[in-house]
Amino acid sequence: MAGSKQEDTAALGRTIASAQALLSQLTTSSETTITQTIPSPPNALHVARDSAKLLKAHVTKIALLATNKPFTPSAITKVLRELSGTCLPAMMSAVQICQQEKDTWGATMGTEIRTRVKRAFREVEGLLAEVQSIADGHGSVAGGRSSLSATGVVWEACDALIELERLGIAGLAVKKAEQYRDTIKDAIAELQEWREGEDLDSEGRGDVLLDSDDEGVDGDNDSIEDIFNAANSMPKDRPELRELVQDAEGRLKKVVLLYTAVIKRRLKTFVSVNAHHTAGRLDELLIHLTAIPDLIDELAGSFYDLDEKQAKSRLDRCILEARGAGSVAALSWKGEEDEFTAWQKKWEAAIG
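Residues numbered from 1 in each chain as written. Predicted model: local features only at pLDDT ≥ 70, side-chain atom pairs only at ≥ 80, totals over all residues. Heavy atoms only, no water.

Topic: the packing of helix α4 (residues 87-100) against helix α5 (residues 102-135)
Item 1. Running from amino to carboxyl end, α4 crosses α5 at an angle of 155°, the nearest separation of the two axes being 7 Å. What the angle tells us is that α4 and α5 run roughly antiparallel. Seen along the crossing, α4 lies across α5 with a hand that is left-handed. Mapping the contact onto sequence places Leu88, Met91, Met92, Ala94, Val95, Ile97, Cys98, Gln99 and Gln100 in α4 and Lys102, Trp105, Met109, Gly110, Ile113, Arg114, Val117, Ala120 and Phe121 in α5.
Item 2. Considered class by class, the residues forming the contact of α4 with α5 number 13 nonpolar, 3 polar and 2 charged. (Axes fitted to C-alpha atoms, helices over the stretch in contact; angles between N-to-C directions. Helix = DSSP H or I, 4+ residues; strand = E, 2+ residues; numbered from the N terminus. Parallel < 35°, antiparallel > 145°, perpendicular 65-115°, else oblique. Left-handed = near helix turned anticlockwise from the far one by under 90°. Contact = heavy atoms within 4.5 Å. Nonpolar A, V, L, I, M, F, W, Y, C, P; charged D, E, K, R; others polar.)

Quick look at the packing of aromatic side chains
Item 1. Tallied over the entire structure, the rule returns 4 aromatic pairs.
Item 2. Here the aromatic rings of Trp194 and Tyr304 are separated by 5.3 Å at their centres, their planes lie at 70°, and the arrangement is edge-to-face. Linking Trp194 in helix α6 (residues 147-194) with Tyr304 in helix α9 (residues 275-304), this pair joins segments that are 110 residues apart in sequence.
Item 3. By relative accessible area, Trp194 is classed as buried at 2%.
Item 4. With a centroid separation of 4.9 Å and 85° between ring planes, the pair formed by Phe270 and Trp333 is classed as edge-to-face. Note that Phe270 is positioned in the loop between α8 (239-267) and α9 and Trp333 in the loop between α10 (308-329) and α11 (339-351), a separation of 63 residues in sequence. Like Trp333, Phe270 is buried.
Item 5. Following the ring pairs from residue to residue traces out a cluster consisting of Trp194, Phe303 and Tyr304. (Phe/Tyr/Trp six-rings, centres within 6.5 Å; stacked < 30°, edge-to-face > 60°. Buried < 20%, exposed > 50% of the residue type's maximum accessible area, 1.4 Å probe, protein only.)

A closer look at the nonpolar core
Item 1. Core analysis: the largest hydrophobic core is formed by 97 residues, its most contacted members being Leu55, Ile113, Leu267, Leu289 and Phe303.
Item 2. Per element, the largest residue contribution to this core is 19 residues, and it comes from α6.
Item 3. Inspection of this core shows a minimum of three residues originating in each of domain 1 (1-139 + 147-168) and domain 2 (237-351).
Item 4. For Leu55, the contacting residues outside a window of four places in its chain are Leu83, Cys87, Leu88, Met91, Val124, Val154 and Cys158. (Core = buried A, V, L, I, M, F, W, Y, C linked by side-chain atoms within 4.5 Å. Domains from an automatic or database assignment.)

Here it is in structure tokens:
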């Protein structure tokens, strides 16, 4: 009986090692260009969702078997073999389909699904290490998570993959754009606090782009001014720098308006009318929207360094990137002019 238990434990160790090798191989594969094609591929996001749900079920079984007594390595081995033969390769297939069908899914979704699948693989590796430690009689991994905790982080990674199917291309783009917009709002608020002694209540009054009837303004005016409290303050003897900060704040507020309008009129209305063109155009738009927060962070750093020349240069780069985003989004996904097109022209004239 003892010999049988030892054999089962040894078999579990081999299965864990095999699963770990598979995860390493799949992770490496996800980082390279895949040359093999999947004929008549299914919906990549459906594959990711279904495999993630299956993985959640398998790791839950593994956690229960690992923590309940008596410890039964043969039962865990069976579940691990099912896991290695089904959901892990299926997740990799979802990555491959996105890469293969790039014209349909776009580079943004391809990158996102690859990142989330890699995270799931990494968390499964942590769970496997925990199970191996228990099988060896050592209990939880020193400094690591318990098997239930390790299962929880695998669940979180799986839920992130399931979320992608719910979001779709448009929803993912909206989520990212909203995060970028909030980051820019933080930067504006920080600059306002840094520029001490100013009447924040009067900021933006008389600016035609801040009228409530304009595209996507809803509520932004009030929320921009109460987010962050900068640690330092601007010297009182730098009037030209103060003027530049004021100019930057006004123009960055218009950038926030652009994000809001693009989210409302373009990202939330994304339809793959012609996948080859619309997915690529969406990627191009997101490249601009992604770059702006980092540029604004650099701009803020220039102000805090009191480097007026560099601040001017970085402000110009921010506005250039924002104008690029506006230009890409100017026409509807069908390539036609609409209400946003007219607003974008007015915005471009106002941003300077």
